[in-house]
Amino acid sequence: MTGKTKVGIIGLGFMGSTHFRIYRDHPMSEVTAIADIDEAKLRGDWRKIVGNIGNEDNSQPIDLTGISTYANALELIRDPDIQLIDICVPTPYHKEYIMAGLKAGKHVLCEKPMTRKTIEAKEILEFYKKQNKYLMIGMCIRFWPEYQHAYQIVKSGKIGQIKSATFKRISPSLDGNGWENWFMKEKLSGSALLDLHLHDTDAIHYFFGKPKSVTSFGLKGFRSDHGVDHVLTRYDYENESLIFSEGGWPAAGGSPFEMSFLIVGDKGTIRLSETGYKIIYEDGTIETPNPAKPNLPTGWHVEIDYLLNCIQKNIRPDKYLTIDEMVESLAIIEAEERSIKENKAIEIIYG
Ligand SMILES: NC(=O)c1ccc[n+]([C@@H]2O[C@H](COP(=O)([O-])OP(=O)(O)OC[C@H]3O[C@@H](n4cnc5c(N)ncnc54)[C@H](O)[C@@H]3O)[C@@H](O)[C@H]2O)c1
């Protein structure tokens, strides 16, 4: 493919507005269409947008000159001028728009979680296997510079055999944020367990493979209507390793957002924390790499840059993640949900 990839973005909330700026500033893409049910967003009034990290200044109107606007996402998907559909709407709409995008012969990037339920993701997977267009899920932590760097170190064997790991993601309460407060409605968002904590469940899946079972503990209905707002999970690999995660949005609004990890091997430890990113070897050597490139500072930039390159070069975008793996991560989350409910370890059924 030659020329810039023409992109249509559906949903201009925190993620859609973030993606918009990345495509707008990328030499390989141009945003030619946007869709949202909120008319103000289509006029460039983005003042209502709130997110957890990397918040942009939305106080001034956004210049949308030359961009087609749609109140109906399915009309944008039918726009013959668009090559890549980027889906950034609340999770319950993901399946319908992914399927419509692929059926219309477009490439699709869809925000995580791929779907609200694993069964919907499996249906997409079966359909996708027969398509020649690309589908990628915005599982941005797999692309995040420090996580990707740590992944390469773990895989290289430099820190030796993994003994323990903890991945953590704690957000202030999102109550009052987003479209119609959808994050606080368990049926729509899957609450913090799916919407937020999936990042770490998926990172653990990526780093260490498929766990055999999970044991989870959850705080329910504190911030959301009846969902899991804070979760602690142990992932069992049937070996001596102790792999944990903690995630949620229990903290009071205004608390700082925290994403961190500690990975301990018998030759070294990798740590991302508020004091920075470090690799500390057993011989006392300490490395403090900065893996972020100036033009690709976040996982969102890396993921979009990667997909645009795949589209240009006609390469299936499965170096960082596959759709099969996305289905598996959702299956792990559903096992965590069952573990909380039934108060016992749950063996995960994949496939
Ligand atoms: N990768 C990440 O780091 C990350 C971070 C936040 C959110 N997300 C995901 O991105 C998606 C969107 O989240 P958000 O924080 O941007 O939400 P948001 O509530 O800020 O924005 C959603 C937008 O979609 C619009 N919308 C709702 N229904 C629509 C429809 N049927 N058609 C067109 N527009 C519609 C709303 O008006 C709103 O502008 C979710 O799936 C969420 O889980 C990912």
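This structure is a prediction, so every number in the text was calculated from the model and none was measured.

Calculation rules
Residues numbered from 1 in each chain as written. Predicted model: local features only at pLDDT ≥ 70, side-chain atom pairs only at ≥ 80, totals over all residues. Domains from an automatic or database assignment. Contact = placed C-beta atoms within 7 Å. Helix = DSSP H or I, 4+ residues; strand = E, 2+ residues; numbered from the N terminus. Nonpolar A, V, L, I, M, F, W, Y, C, P; charged D, E, K, R; others polar. Axes fitted to C-alpha atoms, helices over the stretch in contact; angles between N-to-C directions. Parallel < 35°, antiparallel > 145°, perpendicular 65-115°, else oblique. Core = buried A, V, L, I, M, F, W, Y, C linked by C-beta atoms within 7 Å. Buried ≥ 20, exposed ≤ 12 C-beta atoms within 10 Å, placed from the backbone. Near = placed C-beta within 6 Å. Pairing = 2+ DSSP bridges.

Notes on the domain arrangement of the protein chain
Per the domain assignment, the segments of the protein chain are domain 1 (5-138 + 299-319) and domain 2 (142-294 + 329-347). With centres defined by C-alpha atoms, the gap from domain 1 to domain 2 works out at 25 Å. Each partner contributes residues to the interface: domain 1 has 17 residues there, and domain 2 has 18 residues. For the side of domain 1 that touches domain 2, the secondary structure elements donating two or more residues are helix H5 (118-128) and helix H10 (299-313). In terms of residue count, H10 provides more of the side of domain 1 that touches domain 2 than any other element does, four residues in total. The residue makeup of the side of domain 1 that touches domain 2, split by class, is nine nonpolar, five polar and three charged.

Description of the packing of H5 against helix H11 (residues 323-342)
H11 packs onto H5 with a crossing angle of 170° between their chain directions and a minimal axis gap of 9 Å. Considering their axes alone, H5 and H11 lie roughly antiparallel with respect to each other. Judged by residue contacts, Thr118, Ala121, Lys122, Leu125 and Tyr128 of H5 engage Ile323, Asp324, Met326, Val327, Leu330, Ala331 and Glu334 from H11.

Here we look at the nonpolar core
As a rule of thumb, nonpolar side chains are buried together in soluble globular proteins. With 86 residues, the main nonpolar core has Ile9, Ile10, Ile87, Ile98, Val108 and Met326 as its most contacted residues. In terms of residue count, the dominant contributor to this core is H11 (nine residues). Residues lining this core come from more than one domain, with at least three contributed by each of domain 1 (5-138 + 299-319) and domain 2 (142-294 + 329-347). If near-sequence neighbours (up to four positions away) are discounted, Met326 is found in contact with Met114, Ala121, Ile137, Met139 and Leu321.

Describing the site of the ligand
Neighbouring the ligand are 26 residues, the closest being Gly11, Gly13, Glu111, Gly178 and Trp179. With three residues, the top contributor of residues to the shell around the ligand is helix H1 (residues 14-25). Residue assignment places the shell around the ligand across two domains, with domain 1 (5-138 + 299-319) and domain 2 (142-294 + 329-347) each supplying three or more.

A short note on unusual backbone geometry
Cis geometry is found at the peptide bond from Lys112 to Pro113, where omega equals -20°. With respect to the helices, strands and loops of the structure, Pro113 is situated in the loop between strand S5 (107-111) and H5. Unlike most non-glycine residues, Asn181 shows phi in positive territory, near 55°. Secondary-structure assignment places Asn181 in the loop between strand S7 (162-172) and helix H7 (186-189). Phi at Glu238 takes a positive value of approximately 55°, unusual for a residue other than glycine. Among the structural elements, Glu238 can be located in the loop between strand S9 (228-236) and strand S10 (242-251). Residue classification places Glu238 among the exposed residues on the basis of 8 C-beta atoms within 10 Å.

Here's the deal with the sheet that holds strand S1 (residues 5-10)
Taking strand neighbours across the sheet as the criterion, the six strands line up as S3-S2-S1-S4-S5-S6 in an open arrangement whose pairing is parallel. One side of each edge strand has no neighbouring strand; the edge strands of this open sheet are strand S3 (68-70) and strand S6 (135-138). Within this sheet the neighbouring strands show an average axis-to-axis angle of 25°, counted without direction. Where strand S2 (residues 29-35) and S3 come together, three bridges link them in parallel fashion.

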